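Report on the structure
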Amino acid sequence: MELLRKWLGHPEDIYNLLRFKMGGYRAVMPRMDTVSGEGCAGGGMRFAVAGARCPRRSFAAVIQALDGELRHAVCIFYLVLRALDTVEDDMSIPLDVKVPMLHEFHSHLYQPDWKYTESKEKDRQVLEDFPTISMEFRNLSKVYQDVISDICHKMGVGMAEFLEKKVDSQHEWDKYCHYVAGLVGIGLSRLFSASELEDSIVGQDTDLANSMGLFLQKTNIIRDYLEDQLEGREFWPREVWSRYAKKLSDLAKPENIDVAVQCLNELITNALHHVPDVLTYLSRLKNQSVFNFCAIPQVMAIATLAACYNNQQVFRGVVKIRKGQAVTLMMDATNIQAVKAIMYQYVEEIYQKIPSTDPSSNKTQQVIASIRAMSLPGSPMASRHHYSPIYLSCAMLLAALSWQYLSTLSKATEEYVQAGEN
């Protein structure tokens, strides 16, 4: 019944979930119907069956939606970085072993037999079957190899730097996010340009590409406060949270909820400063498959920040956008005007929730003003959530009659939604 109440509150979700399930996903994942266990890059490539632990089916579909040889290059890029990240995450590897591994990891791409079989991480198969990944890497065109190797090297060095130190200043927060996500944005942008599906400026403008990664990473760090605390990880910058509490963990205490929310709002305001760069970056993209690949995570991020802003639940549990909301974003974010309208919608939601007493209220209003200036509504997308009373009545009737069926449908749809959320 909880699911029924949720859908009655958002009847448009029912229509969009059904539209997505019945074929709407093809707008952004045209090859979803052909995704199988034979590999994440498709095209008959005998790659990463179970051994290389290809990304889950949904993410494989997102990659498969990319055009031409770019699809293969991005898949290899993902798996190489997945292997590198597994080394960083594995707490069973002593630091005196892990640091050199991270520094030298890129060199293993050119060593046919290198693999690591002592990992305890859940994704250890990417390390155990690394010869499969490195073989496919060496089969790529040199222009793709050079990008992947360079990013892998820089990321490994950056990961090693932050193994023994916490994120203190906001500058270090940006630096950490650059290493783990900004470099991914830069690498992907260079791959886009190398494929000639996008102009050279896309790969050359590293500042904009870095902002794409930072916006996503900061959103994840903000949203995952409680999960990270429970697992003993701290990624919120001390420079910010120390103004509100003696220890970062103190923000989860009920008596500190008011200052915790103020700290949360300040970090969300910080993340919002990347949105103008995101819009400029997306406006340069010409290839539809690349645009979809880049735009979907960004609109998911702005929706997530809107859900988290001024929300005490961030310190009590999980804050996630609704599945119907997610699939709507995935189907809608297919052109720059639509993305601008989506950004406008969610920053307006944030603006309406700004407390007058919030210490960051002026800064939040200022950054929202700059986003508004770039995304003033002028397309049909701006009014995409206005539904007629007849439509709403029909939707609620449908919900009342079929909520049990849609509960099953929701589980089936989740694998598609996960791709956009991550």
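Cut-offs and rules
Residues numbered from 1 in each chain as written. Predicted model: local features only at pLDDT ≥ 70, side-chain atom pairs only at ≥ 80, totals over all residues. Heavy atoms only, no water. UniProt positions renumbered as here; feature names shortened; annotations may be inferred. Helix = DSSP H or I, 4+ residues; strand = E, 2+ residues; numbered from the N terminus. Buried < 20%, exposed > 50% of the residue type's maximum accessible area, 1.4 Å probe, protein only. Contact = heavy atoms within 4.5 Å. Areas by Shrake-Rupley, 256 points an atom, 1.4 Å probe, with all protein chains shown as cover. Phe/Tyr/Trp six-rings, centres within 6.5 Å; stacked < 30°, edge-to-face > 60°. Lys NZ or Arg CZ within 6 Å of the ring centre and 35° of its normal. Core = buried A, V, L, I, M, F, W, Y, C linked by side-chain atoms within 4.5 Å. Salt bridge = Lys/Arg side-chain N within 4 Å of Asp/Glu carboxyl O. Axes fitted to C-alpha atoms, helices over the stretch in contact; angles between N-to-C directions. Parallel < 35°, antiparallel > 145°, perpendicular 65-115°, else oblique. Left-handed = near helix turned anticlockwise from the far one by under 90°. Nonpolar A, V, L, I, M, F, W, Y, C, P; charged D, E, K, R; others polar. Bend = angle between axes of the 7 residues up to and from the residue.

By the naming in an unreviewed UniProt entry, the chain goes by Squalene synthase and is assigned to Pteruthius melanotis. You can read under Pathway (unreviewed entry) in the UniProt record for the chain the words "Terpene metabolism; lanosterol biosynthesis; lanosterol from farnesyl diphosphate: step 1/3." What the UniProt record of the chain gives under Cofactor (unreviewed entry) is the line "Mg(2+)".

1. Here we look at the overall build of the chain
Looking only at helices and strands, the chain features 20 helices and 0 strands. Counting every position in the chain, which comprises 422 residues, the buried fraction comes to 54%. The contacts in the chain between residues at least 6 apart in sequence include a share of 75% that link residues at least 24 apart. Carbon and sulfur atoms make up 51% of the accessible area of the chain, which totals about 18,500 Å².

2. Overview of the packing of aromatic side chains
Pairs of aromatic rings are described using the distance from one ring centre to the other and the angle between the two planes. Enumeration according to the criterion identifies 11 aromatic pairs in this entry. With a centroid separation of 5.3 Å and an interplanar angle of 80°, the aromatic rings of Y110 and F137 are classed as edge-to-face. Separated by 27 residues along the polypeptide, Y110 in the loop between α5 (95-104) and α6 (125-128) and F137 in helix α7 (residues 130-138) bring together distant segments of the chain. Residue classification places Y110 among the partly exposed residues on the basis of a relative accessible area of 41%. Members of the aromatic cluster, connected to one another through ring pairs, are F162, Y176, Y179 and F235. The aromatic ring of F162 is capped on one face by K165, whose charged end is 4.7 Å from the ring centroid. Cation over ring: R372 sits above Y351, and NZ or CZ is 4.3 Å from the ring centre.

3. Details of the nonpolar core
Within the largest apolar cluster, 114 residues are counted, with the highest numbers of intra-cluster contacts made by W236, L251, Y281, L282 and F315. Per-element accounting of this core gives the leading share, 14 residues, to helix α16 (residues 288-308).

4. Remarks on the pattern of salt bridges
With the rule as written, the count across this model stands at 21 salt bridges. The salt bridge partner of D146 is K142, with a shortest N-O separation of 2.8 Å. Taken together, the positions of D146 and K142, both in helix α8 (residues 142-161) and 4 residues apart, correspond to about one turn of that helix. Assessed through its relative accessible area of 58%, K142 is described here as exposed. A salt bridge links R372 to E348; the shortest N-O distance between them is 2.4 Å. Residue R372 is located in helix α19 (residues 361-374), and its partner E348 is located in helix α18 (residues 336-353); the two are separated by 24 residues in the primary sequence. By relative accessible area, which is 17% here, E348 ends up buried. By sharing partners, the salt bridges in this structure join E161, K165, E172 and K175 into a single network.

5. Quick look at the packing of helix α4 (residues 70-89) against α8
Relative to each other, α4 and α8 sit at 20°, their axes nearing to 10 Å. As far as their axial angle goes, α8 and α4 are roughly parallel. You can see that α4 and α8 cross each other, and the crossing is right-handed. Here L70, A73, I76, F77, V80, L81, L84, D85 and E88 of α4 come into contact with α8, specifically with Y144, I148, I151, C152, M155, G156 and M159. Split by residue class, the contact of α4 with α8 holds 13 nonpolar, 1 polar and 2 charged.

6. Structural notes on helix α9 (residues 170-194)
At H178, α9 shows its maximal kink, close to 55°. E196 lies just past α9 and shows a positive phi near 70°.

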